[in-house]
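Structure at a glance
Letter by letter, the chains look like this.
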Amino acid sequence: SPISTLILQKLQAMPGVITPNNDGANDSALLTYHIKGITTVDLKVYDSSDILVRTLIDSQVESTDGIKKIVWDGKNDLNEIVADGIYIAKLSLQF
């Protein structure tokens with residue numbers, strides 16, 4: 001693994017609540033994070049039972065000093081729209 005000083009400065013989801021029903025309102029969430037350094041990134045979405053719903057970033061090596069953005073479209077790894085509910089984005093950093 002790459003080794004470096006790493007600082008996670010921010011992780012945010014906008015909007016905080018999504019309703020992925022294809023009505024054009026809050027169907028997706030923009031996830032942003034700001035890291036400084038070199039790291040391996042995993043970004044995954046889980047349901048309220050802590051079951052993996054979607055892998056957005058899988059062991060991607062990043063070298064950055066800026067804001068990264070990724071959109072979760074409200075779909076699972078099978079490309080199916082998820083049910084309304086509570087979802088948690090988990091960002092794992094390994095350095």
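Residues numbered from 1 in each chain as written. Predicted model: local features only at pLDDT ≥ 70, side-chain atom pairs only at ≥ 80, totals over all residues. Heavy atoms only, no water.

1. Section: the pattern of salt bridges
The final tally for this structure, using the stated rule, is three salt bridges. For Arg-54, the salt bridge goes to Asp-73, with nearest N and O atoms at 2.7 Å. Of this pair, Arg-54 sits in strand β3 (residues 52–72) while Asp-73 sits in the loop between β3 and β4 (87–94), and the two are 19 residues apart along the sequence. Relative accessible area serves as the criterion here: at 18%, Arg-54 is assigned to the buried category. Taken together, the salt bridges that share partners define one network made up of Arg-54, Asp-73 and Asp-77. (Salt bridge = Lys/Arg side-chain N within 4 Å of Asp/Glu carboxyl O. Helix = DSSP H or I, 4+ residues; strand = E, 2+ residues; numbered from the N terminus. Buried < 20%, exposed > 50% of the residue type's maximum accessible area, 1.4 Å probe, protein only.)

2. Brief notes about the packing of aromatic side chains
Applying the stated criterion across every chain yields a total of one aromatic pair. Stacked on the ring of Tyr-46, the Lys or Arg Lys-90 has its end atom at 4.5 Å from the ring centre. (Phe/Tyr/Trp six-rings, centres within 6.5 Å; stacked < 30°, edge-to-face > 60°. Lys NZ or Arg CZ within 6 Å of the ring centre and 35° of its normal.)

3. Looking at the layout of surface pockets
Over the atoms, a rolling probe the size of a water molecule traces out where space has been left empty. Taken as a whole, the largest pocket holds about 200 Å³ of empty space. What lines the largest pocket is a set of 14 residues, and nearest its centre among them are Gly-16, Ile-18, Trp-72, Tyr-87 and Ile-88. Of all the secondary structure elements, the ones that give two or more residues to the lining of the largest pocket are β2 (29–47) and β4. The class makeup of the residues in the lining of the largest pocket is 12 nonpolar, two polar and no charged. (1 Å grid on protein atoms, 1.4 Å probe; cavity = no way out; pocket = protein on both sides within 12 Å on 5 of 7 lines; lining within 4 Å. Points joined across faces, edges and corners; volume = space filled by probe spheres on them. Nonpolar A, V, L, I, M, F, W, Y, C, P; charged D, E, K, R; others polar.)

4. As for the confidence of the model for the chain
Summing up the model confidence of the chain, the mean pLDDT is 83 and the portion of residues at 70 or higher is 86%. Mean pLDDT across the elements of the chain bottoms out in strand β1 (residues 7–14) (74) and peaks in β4 (86). (pLDDT = per-residue confidence, 0-100.)

5. Observations concerning the environment of Ala-29
Among the structural elements, Ala-29 can be located in strand β2. Spatially, the C-alpha atom of Ala-29 lies 8.5 Å from that of Ile-70, the residues being 41 residues apart in sequence. The residues touching Ala-29, leaving out its near neighbours within four places in the chain, are Met-14, Pro-15, Ile-18, Ile-70, Val-71 and Trp-72. (Contact = heavy atoms within 4.5 Å.)

6. Let's talk about the nonpolar core
Core analysis: the largest hydrophobic core is formed by 15 residues, its most contacted members being Tyr-33, Leu-43, Leu-56 and Trp-72. Of all the secondary-structure elements, those providing two or more residues to this core are β2 and β3. The element best represented in this core is β2, accounting for seven residues. (Core = buried A, V, L, I, M, F, W, Y, C linked by side-chain atoms within 4.5 Å.)

7. Brief notes about the pairing of β2
When you tally the buried positions in β2, you get 15 out of 19 residues, the bulk of the element. In terms of strand pairing, β2 meets β4 through eight bridges, oriented antiparallel. What sits directly across from Thr-40, in β4, is Gln-94. (Pairing = 2+ DSSP bridges.)

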